[in-house]
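Chains, contacts and geometry: an overview
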Amino acid sequence: MFAGADGSTSTRAAEAVAALHRAGVALVPTTGRNAAQAREAARLLGADAFIAELGGLLARAPDWEVERLAPAAGGRTPVEAMARSGAGALLLEAFAGCLEPHAPWAFEGRQVTMLFRGLIDDGAASSLLRDAGHRLEVADNGRIDGRFPALETEEVHAYHLLPAGVGKGPAIAADLRHRGLGPDDALVVGDSPADVAAPGHVGSVVLVANGAWAAPGPGDPVSITNAAYGDGFAEAVASLLDDS
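Residues numbered from 1 in each chain as written. Predicted model: local features only at pLDDT ≥ 70, side-chain atom pairs only at ≥ 80, totals over all residues. Heavy atoms only, no water.

**Some remarks on the packing of aromatic side chains**
Tallied over the full model, the rule gives 1 aromatic pair. Where Phe50 meets Trp64, the ring centres are 5.7 Å apart and the plane angle is 10°; that geometry is what we call stacked. Within this pair, whereas Phe50 is found in strand E1 (residues 49-52), its partner Trp64 is found in the loop between strand E2 (57-60) and strand E3 (66-68), the two being separated by 14 residues in sequence. Both residues of the pair, Phe50 and Trp64, belong to the buried class. (Phe/Tyr/Trp six-rings, centres within 6.5 Å; stacked < 30°, edge-to-face > 60°. Helix = DSSP H or I, 4+ residues; strand = E, 2+ residues; numbered from the N terminus. Buried < 20%, exposed > 50% of the residue type's maximum accessible area, 1.4 Å probe, protein only.)

**Comments concerning the pairing of strand E5 (residues 114-118)**
Among the 5 residues in E5, 5 count as buried, and that is most of the element. Strand direction decides the pairing type here: strand E4 (residues 99-101) and E5, joined by 3 bridges, are antiparallel. Its bridge partner being in E5, Glu100 is matched across the sheet by Arg117. As paired elements, E5 and strand E7 (residues 157-163) share 5 bridges and run antiparallel to each other. By the bridge assignment for E7, Phe116 is matched with Tyr159. (Pairing = 2+ DSSP bridges.)

**Thoughts on the environment of Ala186**
Here Ala186 shows up in the loop between helix H6 (168-179) and strand E8 (187-190). Put simply, Ala186 and Leu176 are 10 residues apart on the chain and 7.9 Å apart in space, counted from C-alpha to C-alpha. Among residues more than four places away in sequence, those in contact with Ala186 are Leu176, Val202, Gly203 and Ser204. (Contact = heavy atoms within 4.5 Å.)

**Section: the pairing of strand E6 (residues 136-143)**
Of all the 8 residues making up E6, 6 are buried; the element is thus mostly covered by neighbouring parts of the structure. Relative to E7, E6 is paired through 6 bridges, and the arrangement is antiparallel. Bridging across to E7, Asp140 finds its partner in Tyr159.

**Remarks on the sheet that holds E2**
Hydrogen bonds along the backbone pair up the strands of a sheet, which may run parallel or antiparallel. One open sheet holds the 3 strands; their spatial order is E1-E2-E3, and the pairing between them is antiparallel. Strand pairing shows two members of the sheet lacking a second neighbour, E1 and E3, which therefore form its edges. Neighbour-to-neighbour, the strand axes of the sheet open up by a mean angle of 20°, direction not taken into account. In terms of strand pairing, E1 meets E2 through 4 bridges, oriented antiparallel. Bridge assignment links Phe50 to a residue of E2, and that residue is Ala59. Strands in contact with H6 are E1 and E2; relative to E2, the strand with the most contacts, it is inclined by about 25°. (Axes fitted to C-alpha atoms, helices over the stretch in contact; angles between N-to-C directions.)

Put into C-alpha cells, the structure is as follows:
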C-alpha cells in the first residue's frame, strides 16, 4: 500500500490513511497473507479489523480473535485437509515448470489457503480440480516481484488454493454485516483479479494503475486510477472523500 512506483515509500498513501481516520472511515486491510502478517498491517494502519488468507480469516479489535470463514474438514484446518487430498500435487504436476509452492510462505502460519507462484490459467486450474472431485478453487492474487529460477514463465503471480466459495468478497460482506452496513457502504481498492471478484459484495471496486491488467472488461463496475501502487491508493481515497 505504501510502495511508490519507483520503489520508494509513497507519502501520499500515508496521508490518505490519515485522511480516512479523520473522516471516520474504517480501513480494513484485506490480504492473501496469513493472520500474523495481516494483524501487523492492521496495527500499522490503525485498523479495527483485518481479512487474511484471501478472505479465509477475519478478525476484529479489540481482542483480535481470528474467525475462520471456511469449515473444518474432519477436525482438520482446510490447509491440513488440502495437504492430505493431493490437490496441490495435482496442480504442480499439471502445470510443471509454470507453478511451484510460494516458499517459504506456502504453508507457514496458514489455515485456509495454500500459496503457490508462477503463471497459469486459474480458471483451467479450478476446472481441473473440480473434475478430480475437489471442492477447491485457484485464485490469482496478482503479480509478484523476484527471481524464481525453477519457473519457465515471463512473469510471476501469486495463486491461492482455497475452498470453493471463500474469497475477499464474502469476507468483506461478513465484516459489513457486523458493522450494520450494506454493499454500497464499501469500496475496495486493489490490484488483482481477487479484488475484482468483490463486486456484488461491495458498491464499487477501484484498481490502481499497476493492476489495470486485471480489469474484467467494459461494462463491469470497476474503475482504474491514473497512478500506480500507493499513489493510486491515495487517488482512490481522495475520490472517495470528495464524493462523500
